[in-house]
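# An overview of the molecular structure
Listed below are the residues making up each chain.
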Amino acid sequence: MHVAGGLKKTKSTKQGRGLGEPTLVRWLLIVVALVFLALFLLVPLAAVFSQALEKGWETYLAALHEPDTLAAIKLTLLTAAISVPLNLVFGVVAAWGIAKFDFPGKSFLITLIDLPFSVSPVVSGLIYVLLFGLQGWLGPWLQAHDLKIIFAVPGIVLATIFVTFPFVARELIPLMEAQGREEEEAALTLGASGLQTFFRVTLPNIKWGILYGVILCNARAMGEFGAVSVVSGHVRGSTNTIPLQVEILYNEYNFVAAFAVASLLALLALVTLVVKTVAEWKVRQELANN
Amino acid sequence: MSIKIGSVNKHFGQFAALKDVSLTVPSGELVALLGPSGSGKTTLLRIIAGLEAPDQGQILFDGVETTNSHVRERQVGFVFQHYALFRHMTVFDNIAFGLTVKPRRERPGKAQIREKVFELLKLIQLEQLADRYPAQLSGGQRQRVALARALAVEPKVLLLDEPFGALDAKVRAELRRWLRRLHDEIHVTSVFVTHDQEEALEVADRIVVMNQGQIEQEGTPTQVYDHPATPFVFSFLGNVNLFHGRGTAGEVQAAVEPVPAVGYVRSHDIEVERQLSDPTAVRAAVHSVQTVGPLVRVELALADTGAALEAELSREVADRLDLQVGEEVYVRPRKVTVFAEDYQI
């Protein structure tokens, strides 16, 4: 609601009166947008929370304290704690290379970064099963060395990293390209080393863009279902993440518990939305300061 | 410190940005690289700075081979067209940057840095703006901060890429006079790139005119303006009229000599008269009369060939003549420079 109000405000200040639509049309459009928003976003969100709290707070909290659910929460946090920092480093390095230097194969690299967006998550999961599974290329070797990847935590982390790796880079590349190379060149002529240039000039200019990318990356890492589902094996209390746990609980007709766990993801989405709005606004400021 | 550029070549893909360019910049001089866009002047400047590497050729600073040394080690101050100030730092931090990134052994103390920065702020007359951010400054102020930032590390060479290109006319004129005075005070060897001939003529000790990756002419502003070596230099430095004829280098004559030649005449070197007072004058019809500030621009067409001609008269002369569109007058070039016909502009 707040976002919609803010948008309308900037719109009316930017357009002259002569360019505006007739009042009726304007109201009609706003109403249509709001009804759509309510039907597809607010109602489901409200449903999640009302179902979760249907039998009161105590049942809700008890559902969250169930050992298998706690294990799922821990695994999800662990997965995010590994994949988000890795993708942060990868994203910043890739964006820096792509935006600030020219080299052959640059557009190919950009296409590669986009690959996880264009491949179905289930397929990305299957790739790992084909690689590391018992019947896979590396399966026998892994088994001989007693290493478990598929149907274990490493597989879940790998699949999550793959699915979430475009987020940070995708956010930073346009920002860094718009900011250009001149500030870095100026720093170099003033005697700064490459690292000094990065930490004192480049990084402060993209910090909000990084935060934005990390938020999106984190939301996806915690919420990913398809790819993780394929490699996880659904071992209760050991290889289930929050989304998988929700599915299991729901399939067992344990609706209160399912919705209670789902409400955690919904809360995460709400927090993400707020931080994202702030970060987006700051990114726009970073761009406007050009 | 003197700069010597020896036979530098630079290609960007298929495009030859610099073709065998050699140039010497004497120590302590302020030199302008003047040329249209795409003439290679910015590329040459960036090669001197080390921001770009030449395909062939060498750069010597004070006779010392510098071609392969890193930007960091060259001790050049570089001022960018769009300032390139660090947007998240205050004016103070921007100017101090070069001092604070020095290795610990060479880095001056906090108090010394502060003293140095305020000395520079005084030089650029922006002491009261030390705590502002670049976004809060005007274009002219930003460019002065960029200059102070470059000077803070006491560079051996100062390189400026279209330093006033993004400013409006009045600020530009003020700032270039200020740059000239500044250079007279600190005498650091400076090279600046410009496409504005007026700026080059006003500010520089020497002008290097570039075109299509090559140097057309170099010399003092007076030499370049009064004795242009090529038709390109002549036409780039001001308005020009062409008189086609046959002649020898020096003056156009009635078709006696076999060499086709073109006479180049500046618009303000054309005299417009009502009466035939000199045998070299030719008849022309007035097409339009337009007042541009202190000048009056008159477009004419030669009576015999119909060729278009532009004359610039002072308001005083124009008022006395009171030219009417359509009338026939006599025009006489006061000063003609002749080049053989095969030159291309």
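Just so we're clear, the structure is a prediction, and the values are computed from it rather than from any experiment.

Reading the values: the criteria
Residues numbered from 1 in each chain as written. Chains lettered and ligands numbered in written order. Predicted model: local features only at pLDDT ≥ 70, side-chain atom pairs only at ≥ 80, totals over all residues. Heavy atoms only, no water. Helix = DSSP H or I, 4+ residues; strand = E, 2+ residues; numbered from the N terminus. Buried < 20%, exposed > 50% of the residue type's maximum accessible area, 1.4 Å probe, protein only. Contact = heavy atoms within 4.5 Å. Pairing = 2+ DSSP bridges. Buried area = accessible area lost by both parts, 1.4 Å probe. Salt bridge = Lys/Arg side-chain N within 4 Å of Asp/Glu carboxyl O. Polar contact = N/O pair within 3.5 Å; in protein donor to acceptor, adjacent residues only side chain to side chain. Core = buried A, V, L, I, M, F, W, Y, C linked by side-chain atoms within 4.5 Å. pLDDT = per-residue confidence, 0-100. Axes fitted to C-alpha atoms, helices over the stretch in contact; angles between N-to-C directions. Parallel < 35°, antiparallel > 145°, perpendicular 65-115°, else oblique. Left-handed = near helix turned anticlockwise from the far one by under 90°. Expected span 1.5 Å × (residues − 1). Phe/Tyr/Trp six-rings, centres within 6.5 Å; stacked < 30°, edge-to-face > 60°.

## Details of the overall build of chain A
- A tally of helices and strands in chain A yields 14 helices and 0 strands.
- What you see in chain A, going N to C, is helices and strands ordered as α-α-α-α-α-α-α-α-α-α-α-α-α-α.
- Dimensions of chain A along its principal axes, counting C-alpha atoms only, are 60 × 55 × 30 Å.
- Taking all 290 residues of chain A together, the buried fraction comes to 39%.
- At a minimum sequence separation of 6, the contacts of chain A that also span at least 24 residues come to 74%.

## Overview of the environment of Y264 of chain B
Residues and elements named next belong to chain B.
- Counting through the fold element by element, Y264 comes out in strand β13 (residues 260-266).
- For Y264, a relative accessible area of 3% puts it in the buried group.
- For Y264 and P333, which are 69 residues apart along the polypeptide, the C-alpha to C-alpha distance reads 9.4 Å.

## Digging into the pairing of β13 of chain B
All names here are of chain B.
- A large share of β13 lies buried, amounting to 6 of its 7 residues.
- When β13 meets strand β19 (residues 337-340), the two strands line up antiparallel, connected through 4 bridges. By the bridge assignment for β19, A261 is matched with A340.

## Some details on the interface of chain B and chain A
- Residue-level contacts link 23 residues of chain B with 21 residues of chain A.
- Surface buried jointly by chain B and chain A totals about 2,100 Å² across both partners, of which 57% is contributed by carbon and sulfur atoms.
- With a closest N to O distance of 2.6 Å, E183 of chain A and R87 of chain B form a salt bridge.
- Counting across the chain B and chain A interface gives 6 residue pairs in polar contact (both at pLDDT 80 or more).
- Contributions of two or more residues to the side of chain B that touches chain A are made by α2 (71-74), β6 (76-79), α3 (91-100) and α5 (139-152) of chain B.
- For the side of chain B that touches chain A, the element with the highest residue contribution is α3 of chain B, accounting for 3 residues.

## Remarks on the nonpolar core
Residues and elements named next belong to chain B.
- In this structure, I95, L121, I124, V145, L147, L158 and I207 are the most contacted members of the largest nonpolar core, which totals 47 residues.
- At 7 residues, α5 tops the list of elements feeding residues into this core.
- Leave out the neighbours within four places in its chain, and L158 touches G77, V79, L147, A150, L151, V188, T189, S190 and V191.

## A look at the confidence of the model for chain A
Residue and element names in this part refer to chain A.
- Mean pLDDT over chain A works out to 84, with 92% of the residues at or above the 70 mark.
- Taken element by element, chain A is modelled with least confidence in helix α1 (residues 2-14), mean pLDDT 42, and with most confidence in helix α10 (residues 182-189), mean pLDDT 92.
- A low-confidence stretch, residues 1-15 stays under pLDDT 50, and its non-local contacts, those more than four residues away or across chains, total 3 contacts.

## Points about the side chain of T43 of chain B
All names here are of chain B.
- For T43, the location among the structural elements is in helix α1 (residues 41-49).
- For T43, a relative accessible area of 12% translates into the label buried.
- Apart from the residues lying within four places of it in its own chain, the contact partners of T43 are K10, F12, A17 and L18.

## Comments concerning the pattern of salt bridges
- The tally for this structure, following the rule as stated, stands at 27 salt bridges over all chains.
- Across the salt bridge formed by E185 of chain A and R46 of chain B, the nearest N and O atoms sit 2.6 Å from each other. Separated into two different chains, E185 of chain A in helix α10 and R46 of chain B in helix α1 make up a pair that spans both. Note on accessibility: E185 of chain A and R46 of chain B belong to one class, buried.
- Salt bridges sharing common partners tie together R172, R176, R177, D196, E198, E199 and E202 of chain B.

## Overview of the environment of F92 of chain B
Residue and element names in this part refer to chain B.
- Looking at where F92 falls in the secondary structure, it is placed in helix α3.
- Relative accessible area serves as the criterion here: at 15%, F92 is assigned to the buried category.
- Once the C-alpha coordinates of F92 and G263 are considered, the two residues, 171 residues apart in sequence, prove to be 55 Å apart.
- What F92 contacts, discounting residues up to four positions off in sequence, is R114, V117, F118 and A130.

## Overview of the side chain of T67 of chain B
Residue and element names in this part refer to chain B.
- With respect to the helices and strands, T67 occurs in the loop between β5 (64-65) and α2.
- According to the relative accessible area criterion, T67 is buried, its value standing at 11%.
- Residues contacting T67, with those up to four places away along its chain left out, are P54, G57, Q58, I59 and R74.

## Things to note about the packing of helix α6 (residues 121-132) of chain A against helix α8 (residues 153-164) of chain A
Residue and element names in this part refer to chain A.
- Look at α6 against α8: their axes get within 9 Å of each other, and the N-to-C directions meet at 140°. Relative to α8, the element α6 lies oblique. For the pair α6 and α8, the crossing hand works out as right-handed. In this structure, α6 uses S124, Y128 and F132 to contact α8, whose residues at the interface are L158, A159, F162 and V163.

## Quick word on the pairing of strand β9 (residues 206-211) of chain B
Residues and elements named next belong to chain B.
- In terms of burial, β9 is a largely internal element, 5 of the 6 residues being buried.
- Alignment of strand β3 (residues 30-34) against β9, held across 4 bridges, turns out to be parallel. Each residue of the ladder has a partner; that of L33, found in β9, is V208.
- Judged from the 5 bridges that link them, β9 and strand β10 (residues 214-219) form a sheet pairing that is antiparallel. Along β10, the bridge assignment pairs V208 with E218.

## Observations regarding helix α9 (residues 166-179) of chain A
All names here are of chain A.
- With 14 residues, α9 should reach 20 Å at 1.5 Å per residue; the first-to-last C-alpha distance of 20 Å fits that figure.
- By the criterion of burial, α9 is predominantly enclosed, with 10 of the 14 residues buried.
- For α9, the full list of buried residues reads P166, F167, V168, A169, E171, L172, I173, L175, M176 and Q179.
- Phi turns positive, to about 75°, at G180, one or two residues after α9.

## Quick look at the packing of aromatic side chains
All names here are of chain A.
- Evaluated as defined, the whole model comprises 19 aromatic pairs over all chains.
- Relative to F162, the ring of Y128 has its centre 6.2 Å away and its plane inclined at 75°; by these criteria the two rings are edge-to-face. Here Y128 is found in helix α6, whereas its partner F162 is found in helix α8, with 34 residues between them in sequence. You'll find Y128 and F162 in the same group, each marked buried.
- Judged by centre distance (6.5 Å) and plane angle (85°), the rings of Y250 and F259 are edge-to-face.

## Looking at unusual backbone geometry
All names here are of chain B.
- With a phi close to 50°, D20 is a non-glycine residue in the positive phi region.
- The phi dihedral of Q212 falls on the positive side, at around 50°, and the residue is not glycine.
- Within the element layout of this structure, Q212 appears in the loop between β9 and β10.

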